[in-house]
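# An overview of the molecular structure
As a plain string of letters, each chain reads:
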Amino acid sequence: MDTEALRSFVRAAELGQFRTAADELGVTQQAISKRIAGLERELEVRLFTRTARGVELTRDGHTFLPHARGVVASVERALTAVRPGARTLRIDVLGLRTAQAVILHEYWRSRPGSRIDVVTLKVTDPWEAVAAVAAGEVDATFRTVTDPAGLPPGIRMRHAFDSPVELLVGPKHPLAGAVSLTPRQLRKHRIWVPGIAPGSEWADFYDQLVTEFDLRVDAAGPHFGDEVLLDVLAESGDVATLVGARDRYVWPEHQDLRRIPIASPSLAYPVSLILPSTNPHPELRGVLAHFASLPRLPEDTWVPSWATRP
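Let us look at the structure shown here. Bear in mind that the values here come from a model prediction, so they are computed numbers and not experimental data.

### Considerations on helix H7 (residues 201–213)
Between its first and last C-alpha, H7 extends 18 Å over 13 residues, near the 18 Å set by a 1.5 Å rise per residue. Within H7, burial applies to Glu-201, Ala-203, Phe-205, Tyr-206, Gln-208, Leu-209 and Phe-213. As for H7, its buried residues are in contact with helix H6 (126–134), strand E6 (155–169), strand E8 (216–218), strand E9 (239–244) and strand E11 (268–276). Asp-214 lies just past H7 and shows a positive phi near 55°.

Okay, structure coming up:
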């Protein structure tokens with residue numbers, strides 16, 4: 001089986017687009033299409049369906065993906081064995097707009113010689129990301145498990161940084177003119193956060209937030225993407241959402257959305273990094289040092305009960 005076809009399949013699955021995968025792998029989009037078409041002929045199944053935004057895995061594609069990842073990871077480890085010191089740090093982030101990706105980009109810009117491959121494992125269960133670290137598919141993942149005692153041998157979780165939370169509203173919302181807000185002022189307002197995955201660390205974060213501050217967090221309905229969420233906020237007079245202060249969101253000027261800091265106390269999501277306990281990738285030392293240099297949040301910042309600290 002063609003390992004380059006497998007690599008093309010894995011990256012197209014992770015990125016959701018043949019064009020983006022082709023750019024990353026340094027080949028043409030036509031080459032990616034041909035590789036995957038050949039793979040589908042060999043397997044006698046369809047791996048992707050085309051959508052308006054790119055491609056999505058079929059059921060067979062989802063089944064095949066972890067096995068393909070394993071083969072690609074094994075090939076990469078084999079190549080590394082004969083090219084010591086040349087391996088790129090492969091690190092998983094929840095999304096390319098998240099604070100995790102933004103801060104990693106800052107680190108890379110400060111050290112342009114760094115070799116970093118930023119990936120987004122399309123899994124909602126943090127334990128699947130843990131398994132990817134344990135299998136060597138990625139060197140580290142920005143995920144959090146609320147029970148770190150359950151981590152497999154050789155894997156640990158450590159604090160990376162705290163991500164402050166802000167309220168995002170449209171111009172018609174009654175809180176739109178506020179310079180800052182307290183959690184108490186958010187009570188009774190609908191905070192819409194679609195797509196919270198049951199059992200994820202984010203679900204537990206919001207559960208604790210609701211209990212602590214008596215907030216109204218609504219996760220109803222499917223998440224059709226950030227663009228749809230921003231459209232709803234721009235037109236609504238009663239819907240707000242919560243976003244990370246460092247998360248990268250861009251909207252058209254006419255939407256006039258407002259990001260409002262929350263204070264007294266500040267709210268923050270504790271971002272953790274899961275990595276091997278022994279012999280982690282050498283580049284991780286510099287990444288963790290960069291996190292440690294970030295500004296500290298106020299002492300009264302609220303974080304969930306399972307937050308870890310340096």
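### A word on the pairing of E11
With nine of nine residues buried, E11 is to be regarded as a mostly interior element. Two strands pair when backbone bridges link them, and E6 and E11 are joined in this way by nine bridges, in the antiparallel orientation. Considered in E11, the bridge of Pro-164 is made with Ala-268.

### Some thoughts on empty space enclosed by the protein
Counted according to the given criterion, the structure contains one cavity of 30 Å³ or more. Size it by volume and the largest cavity reaches roughly 40 Å³. Lining the largest cavity are Leu-94, Gln-100, Phe-142, Arg-143, Thr-144, Glu-201, Trp-202, Tyr-269, Val-271 and Ser-272. Listing elements by their share of the lining of the largest cavity, those giving two or more residues are H7 and E11. Looking at the lining of the largest cavity, the element that brings in the most residues is E11, giving three residues.

What counts and how
- Residues numbered from 1 in each chain as written.
- Predicted model: local features only at pLDDT ≥ 70, side-chain atom pairs only at ≥ 80, totals over all residues.
- Heavy atoms only, no water.
- Helix = DSSP H or I, 4+ residues; strand = E, 2+ residues; numbered from the N terminus.
- Expected span 1.5 Å × (residues − 1).
- Buried < 20%, exposed > 50% of the residue type's maximum accessible area, 1.4 Å probe, protein only.
- Contact = heavy atoms within 4.5 Å.
- Pairing = 2+ DSSP bridges.
- 1 Å grid on protein atoms, 1.4 Å probe; cavity = no way out; pocket = protein on both sides within 12 Å on 5 of 7 lines; lining within 4 Å.
- Points joined across faces, edges and corners; volume = space filled by probe spheres on them.

Keep in mind these numbers describe shape, not what the thing actually does.
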